[in-house]
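A look at the structure
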Amino acid sequence: MEIPRHWRLKQQRYALVGEVCPHCEEKIFPPRDVCPYCGNEAKTQFTFSGRGTVFSFTTLTEAPAGFEQAAPYTVALVKLEEGPVITAQLTDLGDRPVEIGMPVEMVTRKIRAEDEARGVILYGYKFRPVMETPK
Amino acid sequence: MRDVVIAGIGMTPVGEHWEISLRSLAYRAIRAARQDAGGLQPQALYVGNFLAIDSSRQANLACLIADNAGLGGIEAMTVEAADASGAAAFHVGYLAVASGLVDVVLVVGVEKYTDALGPEQESAVAQAMDYDYEVMQGLTLAAQAALVMQRYLYEYRPPREAFAAFPMLAHANAVTNPYAMYRRAVSREAYERAEMIADPLRLFDMAPYADGAAAVVLTTPERARDVTHPLVAVRGSIGAIDTLALHDRPDPLAFEAAYHSVQRACEMAGIRPGEVDLFELDDAFSIYAVLSLEAAGFAERGQGWRLAEQDALGLRGRLPILTMGGSKARGNPLGATGVYQIVEAALQLRGEAGANQVPNARRALVQNLAGPASSAFTHVLERYSG
Ligand SMILES: [Zn+2]
């Protein structure tokens, strides 16, 4: 199902590849044909750092088709440090309560069981709390 | 542009119509609207529908509906704007008559939500969002509304229970609406006890999806001169969009499409938004009712929930909303909702709303949203007085 579509999106899903507008230098994710800030065409690739903070979040109990096995799961609006906000699941939360403003970082995880019987599993970005590493 | 009036209205009860097909459901509303319009012969049909191409595997729905209704040979097409499809179809119908190209238009909003089940339904409805960047992350429309609500609670700190007033008002008004799905009051305790759908959004913060069809006949005042009931004039009709994806908005609590469509529709009608007797807003989620009140300018940002506390929004308040039960208690037939809102406002302006009548209702503001106001269609309707 939808194989060309998923292939086309793999750079965005695996590596957070968006754009930097060559005219006004705003960072854009997901990629757009026209820069929402200045109205010129945006085509220059830019790879985001994957670091950001939680802007809003919710935990779903009733999942749509393809996500039933993952339920309940937490979806957030994540504000990337370069500016854009994206929708993504949070993962590796453990017992940690989620809060607005919480620092998170991108990881690659399974995002949807498309048709597991045929071995089609989709991977993509999720975000986990930033680990506090001892210095 | 010519004056356009609503000459006929019709609708089916909203509910789970397992036994009725998509085409027959539409026909029931069409038959009622055509009877009400006193035999005016439609020359075009515009259908508002969201899910049929996915859930019912049916494209070119307008052709099927016109064909099934015995309207062979007329112009027919489907207008899709997710859960704002109904108002979008009405807008196209308005344009067709106003332009002078078509004299009599039939608009029907129809949804057969129960043609798909469980997770498949959730997936179908989720297509209102950006598929690649929202749906593929497991987001649903309810979860998207929860993201908005969570942020609203964080920025403005209203008491969590403040949202209860909206479903309670909707249910109170639906008790006396024979077309409503849930004709019973809801208590504050029931609201607070209800299951969590997507934290902080509880069951009663979400209008239940359902089946239904509503129809109107639009024409010119001249063509409607033999109609025996009062006519309702369309004075303003404007659509506007925001970003499709919620995450692309600089301020996801602003509902800018709702704001712009209200401003321009009122400008078109030559009124200020305050000069209306009722506001049929879109309460697909209780947070969206609050944000719609704020976007239309009836409350300051972050203060919309206070209007319900002040009892301003009841049938005898200064700004009645959800007068027939809204989507919360009438039921939310998605692509048909916008036409239900128009039919309900028309009943008010004709003085035919029975126990739900807003006293001396002369002018109504009616607004239908797609998702979190990704699209907004706003209409100003007025009792026609020649
Ligand atoms: Zn730019």
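Residues numbered from 1 in each chain as written. Chains lettered and ligands numbered in written order. Predicted model: local features only at pLDDT ≥ 70, side-chain atom pairs only at ≥ 80, totals over all residues. Heavy atoms only, no water.

Quick word on the interface of chain A and chain B
At the interface, 37 residues of chain A touch 30 residues of chain B. The tally of links between chain A and chain B comes to one salt bridge. Note that Arg32(A) and Asp248(B) form a salt bridge whose closest N and O atoms lie 3.0 Å from each other. At the boundary of chain A and chain B, one finds 15 residue pairs in polar contact (both at pLDDT 80 or more). Where the side of chain A that touches chain B is concerned, the elements lending two or more residues are helix H1 (3-8), helix H2 (10-15), strand E4 (51-60), strand E5 (73-80), strand E6 (85-90), strand E7 (103-115) and strand E8 (120-129) of chain A. It is E4(A) that provides the largest number of residues to the side of chain A that touches chain B, a total of six residues. For the side of chain A that touches chain B, the per-class residue count stands at 22 nonpolar, eight polar and seven charged. (Contact = heavy atoms within 4.5 Å. Salt bridge = Lys/Arg side-chain N within 4 Å of Asp/Glu carboxyl O. Polar contact = N/O pair within 3.5 Å; in protein donor to acceptor, adjacent residues only side chain to side chain. Helix = DSSP H or I, 4+ residues; strand = E, 2+ residues; numbered from the N terminus. Nonpolar A, V, L, I, M, F, W, Y, C, P; charged D, E, K, R; others polar.)

Re the coordination of the zinc ion
Six octahedral donors around a metal ideally sit at 90 or 180 degrees from one another, while four tetrahedral donors ideally sit at 109.5 degrees. Residues and elements named next belong to chain A. Around the zinc ion, the protein contributes the donor atoms Cys21 (SG), Cys24 (SG), Cys35 (SG) and Cys38 (SG), which lie 2.3 Å from the metal centre. Of note is the zinc ion, whose four donor atoms meet at the metal with angles of 104 to 115° in an arrangement that counts as tetrahedral. Ordering the donors of the zinc ion by residue number gives the pattern C-x2-C-x10-C-x2-C. (Donors = N, O, S within 2.8 Å, 3.2 Å for Na, K, Ca; no water. Tetrahedral: all angles 85-135°; square planar, octahedral: opposite > 155°, others 65-115°.)

So, the UniProt feature "domain: Thiolase C-terminal" (unreviewed entry) in chain B
Mapped onto this numbering, the UniProt entry gives "domain: Thiolase C-terminal" (unreviewed entry) at residues 241-383 of chain B. Here residues 241-383 of chain B is 34% helix and 15% strand, with 28 Å between the C-alpha atoms at its ends. (UniProt positions renumbered as here; feature names shortened; annotations may be inferred.)

Things to note about the packing of aromatic side chains
Residue and element names in this part refer to chain A. Enumeration according to the criterion identifies 12 aromatic pairs over all chains in this entry. With centroids separated by 6.0 Å and ring planes inclined at 75°, the aromatic side chains of Phe29 and Tyr125 adopt a geometry described as edge-to-face. You can see Phe29 sitting in the loop between strand E2 (27-28) and strand E3 (44-47) and its partner Tyr125 sitting in strand E8, a full 96 residues away along the chain. Its relative accessible area of 1% is what places Tyr125 among the buried residues. (Phe/Tyr/Trp six-rings, centres within 6.5 Å; stacked < 30°, edge-to-face > 60°. Buried < 20%, exposed > 50% of the residue type's maximum accessible area, 1.4 Å probe, protein only.)

What about the sheet that holds strand E11 (residues 375-383) of chain B?
All names here are of chain B. Judged by pairing direction, the sheet is mixed, and its nine strands sit side by side in the order E3-E2-E4-E7-E1-E8-E11-E10-E9 without closing on themselves. A strand with exactly one partner marks an edge of an open sheet, and here the two such strands are strand E3 (75-79) and strand E9 (278-280). Within the sheet, the average angular offset between the axes of one strand and its neighbour, ignoring direction, is 25°. Contacting strand E1 (5-11), strand E2 (44-48), E3, strand E4 (104-111), strand E7 (212-219), strand E8 (232-241), strand E10 (363-370) and E11, helix H4 (residues 85-98) runs over the sheet at an angle of about 160° to E2. (Pairing = 2+ DSSP bridges. Axes fitted to C-alpha atoms, helices over the stretch in contact; angles between N-to-C directions.)

What about the sheet that holds E2(A)?
All names here are of chain A. Spatially, the three strands line up as an open sheet ordered E2-E1-E3, and their pairing is antiparallel. Where the open sheet ends on each side, the last strands, each with one partner, are E2 and E3. The pairing of strand E1 (residues 17-20) with E2 spans two bridges and is classified as antiparallel. Counted as the bridge partner of Glu19 is Ile28 from E2.

Details of H4(B)
In an α-helix, one turn spans 3.6 residues; hence positions three or four apart end up facing the same way. Residues and elements named next belong to chain B. Taking 1.5 Å per residue as the helical rise, H4 with its 14 residues ought to reach 20 Å, and the 20 Å between its terminal C-alpha atoms agrees with that figure. Within H4, 13 of the 14 residues are buried, which leaves it mostly tucked inside the rest of the structure. Once H4 ends, the next one or two residues include Gly100, with phi positive near 95°. (Expected span 1.5 Å × (residues − 1).)

Some thoughts on the UniProt feature "domain: Thiolase N-terminal" (unreviewed entry) in chain B
UniProt annotation of "domain: Thiolase N-terminal" (unreviewed entry) refers to residues 4-220 of chain B when read in the numbering used here. Between the first and last C-alpha atoms of residues 4-220 of chain B the distance is 5 Å; the span itself is 38% helix and 18% strand.

Looking at the packing of H4(B) against helix H13 (residues 337-350) of chain B
Residue and element names in this part refer to chain B. Packing of H4 against H13 brings their axes to within 5 Å, and their N-to-C directions diverge by 65°. Relative to H13, the element H4 lies roughly perpendicular. Of H13, the residues touching H4 (which contributes Gly86, Ala87 and Phe90) are Gly338, Val339 and Ile342. (Parallel < 35°, antiparallel > 145°, perpendicular 65-115°, else oblique.)

Quick notes on the UniProt feature "domain: ChsH2 C-terminal OB-fold" (unreviewed entry) in chain A
As annotated in UniProt, the feature "domain: ChsH2 C-terminal OB-fold" (unreviewed entry) corresponds to residues 48-109 of chain A in the numbering used here. Structurally, residues 48-109 of chain A is divided into 0% helix and 50% strand, and its ends, taken at the C-alpha atoms, are 17 Å apart.

Focus on the environment of Leu231(B)
Residues and elements named next belong to chain B. Within the secondary structure, Leu231 is located in the loop between E7 and E8. Taking relative accessible area as the criterion, Leu231 reaches 10% and is therefore assigned buried. In the structure, Leu231 is positioned 195 residues away from Asp36 in sequence and 11 Å away in space, judged by C-alpha atoms. With sequence-adjacent residues up to four places away left out, Leu231 is seen in contact with Val5, Ile6, Ala7, Ala224, Glu382, Arg383 and Tyr384.

What about a nonpolar patch on the surface?
The grouping of Met1(B), Leu95(B) and Met268(B) at the surface amounts to a nonpolar patch, some 320 Å² of accessible area in total. Mapped onto the secondary structure, Leu95(B) falls in helix H4. (Patch = residues over 30% accessible without salt bridge, like charges linked within 9 Å, V, L, I, M, F, W, Y side chains within 5 Å. Areas by Shrake-Rupley, 256 points an atom, 1.4 Å probe, with all protein chains shown as cover.)

Here we look at the confidence of the model for chain A
The predicted model of chain A has a mean per-residue pLDDT of 89, with 91% of residues at 70 or higher. Confidence scores differ between elements of chain A, with H1(A) showing the lowest mean pLDDT of 76 and E5(A) the highest of 98. (pLDDT = per-residue confidence, 0-100.)

What to know about helix H9 (residues 256-269) of chain B
All names here are of chain B. Here H9 is 14 residues long and its end C-alpha atoms lie 20 Å apart, about the 20 Å a rise of 1.5 Å per residue gives. For H9, every residue scored as buried is listed here: Ala257, Ala258, Ser261, Val262, Ala265, Cys266 and Ala269. The buried residues of H9 occupy an angular sector of 150° when projected down its axis, which confines them to one face. Residues of H9 that are buried in the fold lie against E8, helix H10 (286-295), E10 and E11. (Arc of directions from axis to C-beta.)

Quick notes on the side chain of Asn49(B)
All names here are of chain B. Tracing the chain through its elements places Asn49 in the loop between E2 and helix H2 (52-55). Given a relative accessible area of 5%, Asn49 falls into the buried group. At a separation of 3.4 Å, a polar atom in the side chain of Asn49 contacts the main-chain amide nitrogen of Leu51. Only 2.7 Å separates the side chain of Asn49 from the backbone oxygen of Val110, close enough to count as a polar contact. Residues within four places of Asn49 in sequence aside, it is in contact with Leu22, Leu61, Thr78, Val79, Glu80, Ser85, Val110, Glu111 and Gly335.

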